[in-house]
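So you can see what is in the structure, the chains are spelled out below.
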Amino acid sequence: MSDEEWAARGIELIAIAFVDNAGLTRAKSIPVARAAVAGQRGVGSPFAFAIFQGNDGMATATGFEATGDTRVVPDLDRLTGGLDGWGWAPGDIYDPSGERWPFCTRGFLQRMVERAAEAGFEVRMAFEHEWYAEHDHGAPAHHAPAYSLPATAEAGAYMREVLHRLANHGVVVEQIHPEYSPGQMEVSVGVQDALTASDHCVVTRHAIRTAWPATGIRPSFSPLPKADGLGNGCHLHFSVWRDGENLFGADPEHPQGLTTVGQSFLAGVLDELPGLTALSCASPISYRRLGPNRWSGAYGCWGTENREAALRFIEGSWAARPGAANAELKVLDASGNPYLVAGAVIAAGLAGVGGKLELPEPVQIEPSRVAAERGLERLPETLSTAADALEGSSLLADALGSSLHEAIVAVRRGEDAAAAAMDDDQLFAYYRWRY
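Residues numbered from 1 in each chain as written. Predicted model: local features only at pLDDT ≥ 70, side-chain atom pairs only at ≥ 80, totals over all residues. Heavy atoms only, no water.

Student: Could you clarify how one ought to interpret the overall build of the protein chain in this entry?
Tutor: When you go through the protein chain residue by residue, the secondary structure sums to 15 helices and 16 strands. At 21 Å, the protein chain has a C-alpha radius of gyration in line with the 22 Å of a compact globule built from 435 residues. Projected onto its principal axes, the C-alpha positions of the protein chain cover 60 × 55 × 50 Å. A total of 435 residues make up the protein chain; the buried ones form 57% of that total. (Helix = DSSP H or I, 4+ residues; strand = E, 2+ residues; numbered from the N terminus. Rg over C-alpha atoms; globule rule 2.2 N^0.38 Å. Buried < 20%, exposed > 50% of the residue type's maximum accessible area, 1.4 Å probe, protein only.)

Structural data, given as structure tokens:
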């Protein structure tokens, strides 16, 4: 498209978005008239974004605080929007010589997608978002019973505005509804290839945020907006395909339809859950949400339709099998960079296939009740122990590359140290509107 065609869609300014290692979506904005030039040359951005933490501090141990520049190049083929004069495009990051920056998280996912394609696989994904919605005067967007029609009526005008904005960005909505606690909302979006799904994860939250000026309702994607409330997840659904066949649902001899290769893929993901948690739960607040009996996936196990399992297998409705069969990564919230999480899931799954790993028996009860007898391990309970698990994962270090791997570990440790200086009231207040 030309600048004139983009302008005809109502786009005056373009937010070029990229997600940093702390899981925050950063942006550079340009007038639409500069789009074509930016698509060729990019826009300047400091090297230091590689080590930015979720509190906007920098992980100083790396030495990248001041030196170096990058170019953020908008993927204009994915430019969307037009409402309120704004467009949105995901950004790819390059060094000044034109080489892909090793800290570009979208580039990491693209490498893992290519790795899967070389092995003959396509990984399809969708992110499911939960958030807390609050009126400017402080009241939650709905008060009525969980998942209820009264709550739907109370939040109905807000839901319509959110739906309108998601459609403007080309995001297909499968479901949208009030969730469990007052003010909590959920939206499920359509399945896409892994890169598109991750782009849609970013723009879904952006579209919801842009509904705030129009509705007076502010969204919080914090893993736990209030100490006494329920947490927000950002669950990842994924399935693995080969030659048009869903490997999670195509074996008539398996009770759930899982093929041998599909089982190995899941086993690989299961094996890497401790280190993966450092990518999917990037905030100190994340670990206040994770715990037994919270549907958040506190133990490293899998189960069929078990919402307490960190890796939940879903057969899909009888009318949609075998194509609808998928797995859900529960141990994930909006502090997790979707490009890092999606790429790590692919890397871990492919390693499981390559090693012909076998799935253990599923856990079909709340895991803490059988943890001792089944030998189930708690996933990391703090950001620090998650960082240790990520540092110790040779598989994820190899997939991410040493520079990116080391930077993420440094960011996690730096943010954990900064959070330790806050009391609970300060911690929850600080992170409430960060995501």
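Next, the rest of the story.
Student: Sorry if this is basic, but what is going on with the pairing of strand β15 (residues 309–314) here?
Tutor: On any regular strand, side chains alternate: one points to one face of the sheet, the next to the other face. Most of β15 is tucked away: 6 of the 6 residues are buried. Relative to β15, strand β14 (residues 299–304) runs parallel, the two being bridged by 4 bridges. Considered in β15, the bridge of Y299 is made with A309. (Pairing = 2+ DSSP bridges.)

Student: So what exactly am I meant to see when it comes to unusual backbone geometry here?
Tutor: Leaving glycine aside, a negative phi is the common case for residues, and trans is the common case for peptide bonds. Even without being a glycine, D243 presents a positive backbone phi close to 55°. Along the chain, D243 turns up in the loop between β12 (234–242) and β13 (245–246). Taking relative accessible area as the criterion, D243 reaches 79% and is therefore assigned exposed. Of note in this structure, E305 is not a glycine but carries a positive phi near 55°. Mapped onto the fold, E305 is located in the loop between β14 and β15. According to the relative accessible area criterion, E305 is partly exposed, its value standing at 37%.

Student: Would you take a moment to explain the nonpolar core for this structure?
Tutor: Across soluble globular proteins, you tend to see nonpolar side chains buried next to one another. Ranked by size, the top nonpolar core spans 122 residues in total, and within it M125, F238, F248 and V345 carry the most contacts. With 10 residues, helix α10 (residues 338–354) is the single largest residue contributor to this core. Once residues lying within four places of it in the same chain are set aside, the contact partners of V345 are M125, L236, F238, F265, V269, L276 and L329. Ranked by size, the runner-up nonpolar core spans 8 residues in total, among them A298, C301, A309 and A371. (Core = buried A, V, L, I, M, F, W, Y, C linked by side-chain atoms within 4.5 Å. Contact = heavy atoms within 4.5 Å.)

Student: Is there a simple way to think about helix α8 (residues 273–280) in this case?
Tutor: For an α-helix, 3.6 residues make a turn, and residues three or four places apart therefore share a direction. Burial analysis of α8 places 7 of its 8 residues in the buried class, the great majority of the element. L273, G275, L276, T277, A278, L279 and S280 are the residues of α8 that are buried.

Student: Mind showing me how you'd approach the pattern of salt bridges here?
Tutor: Pairs can form between side chains of opposite charge whenever their charged atoms are close. Overall, the coordinates contain 19 salt bridges when judged by the stated rule. Its salt-bridge partner being D56, residue R26 comes within 2.9 Å of it at the nearest N-O pair. With R26 in strand β2 (residues 25–31) and D56 in the loop between β3 (43–46) and β4 (69–74), this pair connects stretches of sequence that are 30 residues apart. Here R26 falls in the buried class, since its relative accessible area comes to 13%. (Salt bridge = Lys/Arg side-chain N within 4 Å of Asp/Glu carboxyl O.)

Student: Help me out: how do you make sense of the packing of aromatic side chains in this one?
Tutor: Within a pair of aromatic rings, the relevant descriptors are the distance that separates the centres and the angle that separates the planes. Taken as a whole and judged by the stated rule, the model has 13 aromatic pairs. Taking the centre distance of 6.3 Å and the plane angle of 80° together, the rings of Y147 and Y180 count as edge-to-face. Taken together, the residues span a long stretch of sequence, with Y147 in the loop between β7 (122–135) and α4 (149–154) and Y180 in the loop between β8 (173–178) and β9 (184–189) at a distance of 33 residues. Plain terms: the ring middles of F248 and F313 are 6.5 Å apart, the flat faces sit at 70° to each other, and that makes the pair edge-to-face. Here F313 lies in strand β15 and F248 lies in the loop between β13 and α7 (260–271), a separation of 65 residues in the sequence. Each of the two residues, F248 as well as F313, counts as buried. In this arrangement the basic side chain of R205 is found over the ring face of F221, its NZ or CZ atom lying 6.0 Å from the centre. (Phe/Tyr/Trp six-rings, centres within 6.5 Å; stacked < 30°, edge-to-face > 60°. Lys NZ or Arg CZ within 6 Å of the ring centre and 35° of its normal.)

Student: Would you mind going over the side chain of S393 with me for this structure?
Tutor: With respect to the helices and strands, the residue S393 is situated in the loop between α12 (383–391) and α13 (394–400). S393 gets classed as buried once you look at its relative accessible area, which sits at 7%. Excluding residues within four positions of it along the chain, S393 makes contact with E272 and H405.

Student: I tried to follow the packing of helix α6 (residues 194–215) against α10 on my own but got confused; where do I start?
Tutor: Each pair of packed helices can be described by the angle between their axes along with the distance between the axes. Contact pair α6 / α10: the axes reach a minimum separation of 9 Å and the direction vectors enclose 155°. Taken together, the axes of α6 and α10 are roughly antiparallel relative to one another. Every pair of crossing elements has a handedness; the one defined by α6 and α10 is right-handed. Touching A194, L195, S198, D199, C201, V202 and R205 of α6 are P338, Y339, A342 and I346, all from α10. In terms of residue class, the contact of α6 with α10 is built from 8 nonpolar, 1 polar and 2 charged. (Axes fitted to C-alpha atoms, helices over the stretch in contact; angles between N-to-C directions. Parallel < 35°, antiparallel > 145°, perpendicular 65-115°, else oblique. Left-handed = near helix turned anticlockwise from the far one by under 90°. Nonpolar A, V, L, I, M, F, W, Y, C, P; charged D, E, K, R; others polar.)

Student: Got a minute to help me understand the packing of α7 against α8 in this structure?
Tutor: Running from N to C, α7 and α8 point in directions that differ by 70°, and their axes come no closer than 6 Å. Accordingly, the angle class assigned to the pair α7 and α8 is roughly perpendicular. Touching V269, L270 and D271 of α7 are L273, P274 and L276, all from α8.

Student: Which parts of the structure should I look at to understand the environment of S220?
Tutor: Mapped onto the secondary structure, S220 falls in strand β11 (residues 217–220). S220 sits 144 residues away from Q364 along the chain, and the two C-alpha atoms are 32 Å apart. Excluding its chain neighbours within four sequence positions, the residues that come into contact with S220 are W131, Y132, P225, N232, R432, W433 and Y435. A distance of 3.3 Å separates the side chain of S220 from the backbone nitrogen of S222, its partner in a polar contact. (Polar contact = N/O pair within 3.5 Å; in protein donor to acceptor, adjacent residues only side chain to side chain.)

Student: Sorry, what's going on with α12 here?
Tutor: When we look at burial in α12, the residues that qualify are L383, A386, A387 and L390. Angular distribution of buried residues about the axis of α12 spans 100°; they occupy a single face of the element. Contact partners of the buried residues in α12: α8, α9 (286–289), α13 and α14 (402–419). (Arc of directions from axis to C-beta.)

Student: Just checking my understanding: could you explain a nonpolar patch on the surface for this structure?
Tutor: Together, Y147, Y180, L230 and W295 make up an exposed nonpolar region whose accessible area comes to about 460 Å². Judged by relative accessible area, Y147 falls into the partly exposed class, the value being 45%. (Patch = residues over 30% accessible without salt bridge, like charges linked within 9 Å, V, L, I, M, F, W, Y side chains within 5 Å. Areas by Shrake-Rupley, 256 points an atom, 1.4 Å probe, with all protein chains shown as cover.)

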